[in-house]
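# Notes for the structure review
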Amino acid sequence: MNFKFIILFSTILFWNSATMNSQNAEDLLQKMDDLIAAPTDREATVIMVMTDKSGKEKIREASLKQKGRFKKLYRYTKPEKQAGIATLTLPDNVIWLYMPAFNKPMRISLLSKNQAFSGTDFSQEDMSGLPYSDRYTPKIIDSNSENYKLELTPKNKKNKYSKIILTLDKTHLFPKKMEYFDKNNKYFKLATYAYDKQGKYWYAKNVLMKSILKNHSTEITFKSIKFDQDLSDDLFLVENLKLKKD
Amino acid sequence: MNLVKFSKNIVSLKWFIILLVLVSTLYLGNQTRYLTIDADILQSLPDHDLDAKLLKQIGKEFGGNNMGVIILETDNIYQTKVLEHIQVITDTLTNIDGIASVSSLTNIINIKGGEYGIEIGKLVDEYELPESPEELQSLRNNVLSNEMYRGSIVSDDDTSSLIIFTLEEKVDVKKVADLVIHKTEALRFPEKLYYIGSPMLVTYISNLMRKDLTNLLPIAFLVIAIILFLSFRSVVGVILPLLTAVISIIWTLGIMSILGFKMSMISNNIPIILLAIGSAYSIHVINRINQIGQINTSEATSTALSQILIPVSLAAITTIIGFVSFIFGAYLEMIVEFGIFTALGTLFASLLALFFVPAIFEVFKIKTRKKDLENKKAFLSEKFLIPLNKLLFKHPKTIVGLWLVLISISVVGIFFINRSVDIQEYFKKDNPTRLAENIMVEKFGGTKPIFVLFKGNMQSPEVLKKMIQASEYMEKNPDINTSMSFAKLISELNFALTNNRRIPDDIEKIEQLWFLLEGNEGMSRFVNEDLTEGIIISKFKSPDNESKKEFAKYMNDFIEKNSTKDCEIQITGMPFVDITMDQSLINSQIGSILIAILFVIIFVGMILRSWLSGIYASIPIITAIIILFGVMGLTGISLNIATVLVASVALGIGIDYSIHIISHFNDSIKENKDLQKAIQDSILISGKAIIINVISVSAGFLVLVFSDMVPLQYFGLLISISMFSSCLGALTLLPAILILVNRKKTA
């Protein structure tokens, strides 16, 4: 009788702690998503530096305008040869590409989200802006005075990653590090975030994505960032892609 | 006499010699552990050949040499189960450390024009494979309608599909290739899997080489041991020749290792060759010590040594000349290496026979066995040599006449000799690599890579248009199925965007299309990082040399007309290297034979102090070489990188028989002035040693017939044929000529 009680009690206790863990973890991930998407809109100059295994660098520069989570407009300014190329991301994974030389916007259907984003170490999915809490099931695997460590398991089997180990700042709940594991559970990518605060918002001032096996990295830096500029919806219209002036 | 004194000195230094041999063998034996196998024929291509140099450079820059292919063969590729299997193989390969990228039907990127723009995705959704007949048919239509996939990733008859993978730089190619085979075979799929491409080929060859070494060396060892036992009927007669051969092998391989050389598909045979010829020198020394020992036991070793020193040195030097002659005119570096190290091994074997064997005899006070030798001598003499001697005197003209007939037939045969530089001929017909090659030729346009290198601005419309023009021109040749290049990718993208397959006239359009391709893993196969160089990749179908020459001429015409300062065009590929290699087979063959014959005549003439003797000595071996080529021509054995070695090796070894006969004849006629006695002595005394030598050397080489590599089978067979014909020439043609010439003189 006592034995059965102990089992029952410990099962309830374990179940409870497991549920609490998942609740806490989901809560934490949700809060991280909220922090990332907190500003109504943002404007910035984005500098991408891609470094190959021999240390050779390629630099791209674009102006970014973002409204909400899903409306994003990148207009490239550097290198000169690609200046004017613009990508407009809209809700429901709709992407429009504008190449000035062709002078017409083209919708791109990305059937493969796992594909690298135009020569960077980020995949299309990394750049999608979809909330992590929608895509992953989190579990707290460690915690210390400064950070939480969460294991994120994808909800969708089509995901390229088998898991992501997320290091989350305990005080402000912004991501500090994400370690990506491929389908064979091999650690293959590392993202390191440097967060800064401007006004009331925390934002990733710098993100470094390193492909461990390829020894290739992409560093994205946000400069001259401005929040809540009341950006007009018109900026995110396909027909306005053609316009040189935003 | 100096020779006697020298021989006595050798004997007196017996302990020092044994110690020196022991220490050197231990040290060099330890070094052999570091000797590795390198079966990559590309690495052996010489840098002085511009085609070969460019091929190596392109392979390095664009990664073409690191590409492996798995062919999956079944009744119909377009079945969900088959696609699943392709996907599992793709995933399995992706998971192997050392593999940089994998591309197959289930993960290949597909860019196509849609109703509203372009679709960038995969040809097959790996998470939702096509299942219904309509979906499978649609996939088939997609493949067939796209030039980039049709006949490149799936064969036109729907029965085979390729899974292409590239290796990372600086990986252990063999280890990765072995893992590829092991892991994919372990899946036990019902479809047939074949492996091809440089990493797989190199691995296959090195596995065969290893197998040959471990299987054939013990057999050769055993065969030679049996022959030695039958000849000498004593344990010493077996152990000592084999021991000296083994020590010379260890020294040679040890030195190869210290100098940083690797075992190639040619030098892999050094151990067997040294076993066969290296034991011969000790046989002569032991034989002579045995002979002398029956008369004078106290100084048998040094006396025997003083007599045998010159003949053994002469035999060794002529053999060394045969091997060294490969340095001149050989195209592949591995043939030069083979020549140098086999020559070195021969030198070691002869030195060991002259220094180490007598030292062992002295230290262990080995006694000779008189009775058996006498019996053996009697058997050979009575049944063969005495009747032969009689025949020679009776019908010298008929004998010479018969040889002339044989030579005439062989000369005719020479005109039918085929040359082959096709690496596939290295494998037996049922070897999986050869079957894979056949599938590649029949269904995927071959395996021999062709690269057209363009130097210029890879975003310039003019350069890209010229690339397309070159592709179209090239594809008109019947041996070219399809070609791929950066220009074709740009034109495909342009088609997806504008429904127009032309290269855009506007450079800005190309620069912006590059935005879509940049960073794609496959791009480094077509253009370099700075976009200053790009290549057209294609494959050549025919193994026929004339087709290759025609194609080279055809393409060079185009290059001559179209290469400019702003768009420099060069072409290379295995067919181009094959042409040079093929030509070099003849050059190297003629060069090495002429040099070897010339040196042998000079050398033998000098030692025997008669140029005429040098020329006579060369007659049986030249005859043997003519017969060798005649046999090759009449039986269809082609001249290739292995059989091209036969003539010079045969010359180096076979000349010894004539030297023995002619030096014996000269000595005897000087002493007795009696032609009949001189011939009889030469035939009866030297003839016996020659026959034993031929049997043991040929038996050693004949073991190569069991090799897994076809040219080496022929190599063994042809050397044995040459040994027999040069022995027969030395015992019949040479004495018949000597009889005819000297009869005239005396008459």
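Criteria and thresholds
Residues numbered from 1 in each chain as written. Chains lettered and ligands numbered in written order. Predicted model: local features only at pLDDT ≥ 70, side-chain atom pairs only at ≥ 80, totals over all residues. Heavy atoms only, no water. Helix = DSSP H or I, 4+ residues; strand = E, 2+ residues; numbered from the N terminus. Buried < 20%, exposed > 50% of the residue type's maximum accessible area, 1.4 Å probe, protein only. Areas by Shrake-Rupley, 256 points an atom, 1.4 Å probe, with all protein chains shown as cover. Salt bridge = Lys/Arg side-chain N within 4 Å of Asp/Glu carboxyl O. Pairing = 2+ DSSP bridges. Axes fitted to C-alpha atoms, helices over the stretch in contact; angles between N-to-C directions. Contact = heavy atoms within 4.5 Å. Domains from an automatic or database assignment. Arc of directions from axis to C-beta. Parallel < 35°, antiparallel > 145°, perpendicular 65-115°, else oblique. Nonpolar A, V, L, I, M, F, W, Y, C, P; charged D, E, K, R; others polar. pLDDT = per-residue confidence, 0-100. Patch = residues over 30% accessible without salt bridge, like charges linked within 9 Å, V, L, I, M, F, W, Y side chains within 5 Å. Lys, Arg positive; Asp, Glu negative; His and termini not counted. Charge placed at Lys NZ, Arg CZ, Asp CG, Glu CD. Phe/Tyr/Trp six-rings, centres within 6.5 Å; stacked < 30°, edge-to-face > 60°. Lys NZ or Arg CZ within 6 Å of the ring centre and 35° of its normal. Left-handed = near helix turned anticlockwise from the far one by under 90°.

## Structural notes on the overall build of chain A
Secondary structure assignment for chain A yields 2 helices and 13 strands. Here chain A, with 246 residues, has 47% of them falling under the buried criterion. Carbon and sulfur atoms provide 54% of the accessible area of chain A, an area that totals close to 12800 Å².

## Remarks on the pattern of salt bridges
Following the criterion strictly, the structure yields 27 salt bridges over all chains and no others. One salt bridge connects B:Lys56 with B:Asp47, and the closest N-O pair in it is separated by 3.2 Å. Assessed through its relative accessible area of 47%, B:Asp47 is described here as partly exposed. Where B:Asp582 meets B:Arg419, a salt bridge forms, and the shortest distance between an N and an O atom there is 2.8 Å. Remark: B:Arg419 occurs in the loop between helix H13 (396-414) and helix H14 (432-444) and B:Asp582 occurs in helix H19 (residues 574-607); sequence separation between them is 163 residues. Judged by relative accessible area, B:Asp582 falls into the buried class, the value being 2%. A single salt-bridge network, built from bridges that share partners, covers A:Lys67, A:Lys71 and A:Asp233.

## A closer look at the environment of B:Asp530
All names here are of chain B. Relative to the assigned elements, aspartate 530 resides in the loop between helix H17 (507-517) and strand S9 (533-540). Note on aspartate 530: relative accessible area 47%, which makes it partly exposed. The spacing of aspartate 530 and asparagine 457 is 73 residues in sequence and 9.0 Å in space, taken between C-alpha atoms.

## Comments concerning the sheet that holds strand S6 (residues 192-197) of chain B
All names here are of chain B. Strand order in the open sheet made by the 4 strands is S2-S5-S1-S6, with antiparallel pairing throughout. Edge strands, defined here as strands with exactly one partner in the open sheet, are strand S2 (99-103) and S6. In this sheet, adjacent strand axes meet at a mean angle of 20° when their direction is disregarded. The pairing of strand S1 (residues 67-73) with strand S5 (residues 160-167) spans 7 bridges and is antiparallel. In the sheet register, isoleucine 71 faces S5, and the bridge partner there is leucine 162. Sheet strands touched by helix H6 (residues 173-185): S1, S2, S5 and S6. Its angle to S6, the strand with the most contacts, is close to 165°. Across the sheet, H14 is in contact with S1, S5 and S6; its angle to S6 comes to roughly 85°.

## With respect to the domain arrangement of chain B
The domains assigned to chain B are domain 1 (1-34 + 233-263 + 270-361), domain 2 (65-203), domain 3 (369-415 + 608-747) and domain 4 (447-578). Put simply, the middle of domain 2 of chain B and the middle of domain 3 of chain B, counted by C-alpha atoms, are 58 Å apart.

## Concerning helix H1 (residues 2-12) of chain B
Residues and elements named next belong to chain B. Of all the positions in H1, only Ser7, Ile10 and Val11 are classed as buried. Down the axis of H1, the sector holding all buried residues measures 95°, keeping them to one side. Away from its buried face by more than 90 degrees, H1 exposes Asn2, Lys5 and Ser12. Next to the buried residues of H1 lie helix H2 (14-31), helix H10 (300-324) and helix H11 (333-364).

## Some remarks on the packing of H10(B) against H11(B)
All names here are of chain B. At a minimum axis separation of 9 Å, H10 and H11 run at an interaxial angle of 170°. When the axis of H10 is compared with that of H11, the two are roughly antiparallel. Note on element contacts: H11 touches H10 through Phe338, Gly339, Thr342, Ala343, Thr346, Leu347, Ser350, Leu354, Pro358, Phe361 and Glu362, opposite Thr301, Leu305, Ile308, Leu309, Val312, Ser313, Ala316, Thr319, Ile320, Phe323 and Val324. Class assignment for the residues of the contact of H10 with H11 results in 14 nonpolar, 7 polar and 1 charged.

## Description of the confidence of the model for chain A
The predicted model of chain A averages 82 in pLDDT, with 84% of residues at 70 or higher. Per-residue pLDDT stays below 50 along residues 16-20 of chain A; that stretch engages in 0 contacts with residues further than four places along the chain or on separate chains.

## As for a negative patch on the surface
Taken together, B:Glu84, B:Glu131, B:Glu134 and B:Glu135 make up a surface patch of like negative charges. Mapped onto the elements, B:Glu134 comes out in helix H5 (residues 133-145).

## A word on the packing of aromatic side chains
Residues and elements named next belong to chain A. Considering all chains together, one arrives at 19 aromatic pairs over all chains under this definition. A centroid spacing of 5.5 Å and a plane angle of 35° characterise the contact between phenylalanine 181 and tyrosine 187, whose relative ring orientation is tilted. Given the relative accessible area of 29%, tyrosine 187 is considered partly exposed. An aromatic cluster is defined as three or more aromatic residues linked by ring pairs; in this entry it consists of Phe174, Tyr193, Tyr195 and Trp202. Residue placement shows arginine 135 over the ring face of tyrosine 132; its charged tip is 4.7 Å from the ring centre.

## A closer look at the pairing of strand S13 (residues 216-227) of chain A
All names here are of chain A. Here 9 bridges tie strand S1 (residues 41-51) to S13, and the two strands are oriented antiparallel to one another. Each bridged residue has a counterpart across the sheet, and for methionine 48 the counterpart in S13 is isoleucine 220. Relative to S13, strand S12 (residues 201-211) is paired through 6 bridges, and the arrangement is antiparallel. When the bridges of S13 are listed, serine 211 appears paired with histidine 216. What sits between S12 and S13 in their antiparallel hairpin is a turn of 4 residues, with asparagine 215 showing a positive phi close to 55°.

## Quick word on unusual backbone geometry
Here the bond from A:Lys78 into A:Pro79 is cis, since omega is -5°, no more than 30 degrees from zero. Relative to the helices and strands, A:Pro79 resides in the loop between strand S3 (71-78) and strand S4 (86-90). A positive phi angle, near 60°, is found at B:Leu531, a position not held by glycine. Residue placement: B:Leu531 occurs in the loop between H17 and S9.

## Some thoughts on the packing of H13(B) against helix H20 (residues 611-635) of chain B
All names here are of chain B. Contact geometry for H13 and H20: axes closest at 7 Å, N-to-C directions at 45°. Classified by the angle their axes make, H13 and H20 are oblique. In this structure, H13 crosses over H20, and the sense of that crossing is left-handed. From H13, Trp403, Leu406, Ile407, Ile409, Ser410, Val411, Gly413 and Ile414 reach across to H20, where they touch Thr623, Ile626, Ile627, Phe629, Gly630, Gly633 and Leu634. Among the residues making up the contact of H13 with H20, the classes are represented as 10 nonpolar, 5 polar and no charged.

## Observations concerning the sheet that holds strand S7 (residues 448-455) of chain B
Residues and elements named next belong to chain B. The strand order across the open sheet formed by 4 strands is S8-S9-S7-S10, and the pairing between neighbours is antiparallel. Of all strands in the sheet, those with a lone pairing partner are strand S8 (480-484) and strand S10 (568-573), marking the two edges. When strand polarity is set aside, the average angle formed by the axes of neighbouring strands in this sheet is 20°. Alignment of S7 against S9, held across 8 bridges, turns out to be antiparallel. Along S9, the bridge assignment pairs isoleucine 450 with serine 538. The sheet contacts of helix H18 (residues 545-562) involve S7, S8, S9 and S10, and relative to S10 the element is tilted by about 170°. Contacting S7, S9 and S10, H19 runs over the sheet at an angle of about 110° to S7.

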